[in-house]
Amino acid sequence: SFWKISLLLTSLLAVAETNIPQTSRKDSPQAQSAKAEIKQPRERTGIAILHTNDVHGRAWPFEKDGVLVGGMAAQASAVQKIREENRKTGTATLVLSGGDVNTGVPESDEFKAEPDFVGMNHIGYDAMVLGNHDFDNGIEVMFKQKSIAKFPVLTANIGFSDQRAVRLAEPYRIITKENIRFGIL
């Protein structure tokens, strides 16, 4: 009987509160400002997948038709701008590499693409799959590059005769962005 009375009183109070007339008082400028700052939950609007592949050591800008283009700095600026725009709309942004970071220009070849991997870390790559040229410098260089990478290195379709290479790459990784789970193969 206690619970019935309690439930009845709660129901009566709820009905009473909904019937209280609202005053026509205007909010103060401070209250209006505070209400405007309350962040509403973002509605998810999409998925953006940014990818590179076959960059072949182009960490530095290069000249094309008399103009400097490319390079990690330009890529970092573009990715940062896109991410900032996508954050506003709740768009999930993935940055992926299709591989072939190695073998291309003397600067990268001399340093075994280490500057490229450092640049990819600064850009915030989410994952990389190995391309055929990523094997050009041998397994020791690949282990060094993987130790630099702050993102997963993946491959699911390569059989390694050297058992050390089995630890080199994962077959897949699940990444969560904006509460969306992505399986990267």
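No experiment lies behind these values; they were computed from the predicted model shown. (Residues numbered from 1 in each chain as written. Predicted model: local features only at pLDDT ≥ 70, side-chain atom pairs only at ≥ 80, totals over all residues. Heavy atoms only, no water.)

Participant: Please explain the overall build of the chain as it appears in this structure.
Facilitator: Within the chain, the secondary structure is distributed over 6 helices and 8 strands. A total of 185 residues make up the chain; the buried ones form 31% of that total. Counting contacts in the chain only where the partners sit at least 6 residues apart, residues at least 24 apart contribute 70% of the total. When the accessible area of the chain is evaluated, it comes to approximately 12,700 Å², of which 56% is carbon and sulfur surface. (Helix = DSSP H or I, 4+ residues; strand = E, 2+ residues; numbered from the N terminus. Buried < 20%, exposed > 50% of the residue type's maximum accessible area, 1.4 Å probe, protein only. Contact = heavy atoms within 4.5 Å. Areas by Shrake-Rupley, 256 points an atom, 1.4 Å probe, with all protein chains shown as cover.)

Participant: What exactly am I supposed to notice about the environment of Ser-108 here?
Facilitator: When you line up the elements, Ser-108 lands in helix α4 (residues 106-110). Along the backbone, Ser-108 and Ala-59 are 49 residues apart, and their C-alpha atoms lie at a distance of 7.4 Å. Ignoring any residue separated from it by four or fewer positions in sequence, one finds Ser-108 in contact with Gly-57, Trp-60, Val-101, Ala-113 and Asp-116.

Participant: Looking at this structure, how should I read the pattern of salt bridges?
Facilitator: Two side chains carrying opposite charge are able to pair once their charged atoms lie near each other. All told, the structure shown has 2 salt bridges when counted by the stated rule. A salt bridge links Asp-126 to Lys-177; the nearest nitrogen and oxygen atoms lie 2.8 Å apart. Separated by 51 residues along the polypeptide, Asp-126 in the loop between α5 (114-123) and β5 (127-129) and Lys-177 in strand β7 (residues 173-177) bring together distant segments of the chain. A relative accessible area of 11% means that Asp-126 is categorised as buried. (Salt bridge = Lys/Arg side-chain N within 4 Å of Asp/Glu carboxyl O.)

Participant: Help me out: how do you make sense of the environment of Met-72 in this one?
Facilitator: With respect to the helices and strands, the residue Met-72 is situated in helix α3 (residues 72-89). Taking C-alpha positions, Met-72 is 9.9 Å from Gly-57, a pair spaced 15 residues apart along the chain. Not counting residues up to four positions away in its chain, the partners in contact with Met-72 are Arg-58, Ala-59, Asp-116, Gly-119, Met-120 and Ile-123.

Participant: Is there a simple way to explain the environment of Gly-71 in this structure?
Facilitator: Note that Gly-71 resides in the loop between β3 (67-69) and α3. With 12 residues separating them in the primary sequence, Gly-71 and Ala-59 have C-alpha atoms 4.6 Å apart. Ignoring anything within four residues of it in the chain, the contact list for Gly-71 reads Arg-58, Ala-59, Trp-60 and Pro-61.

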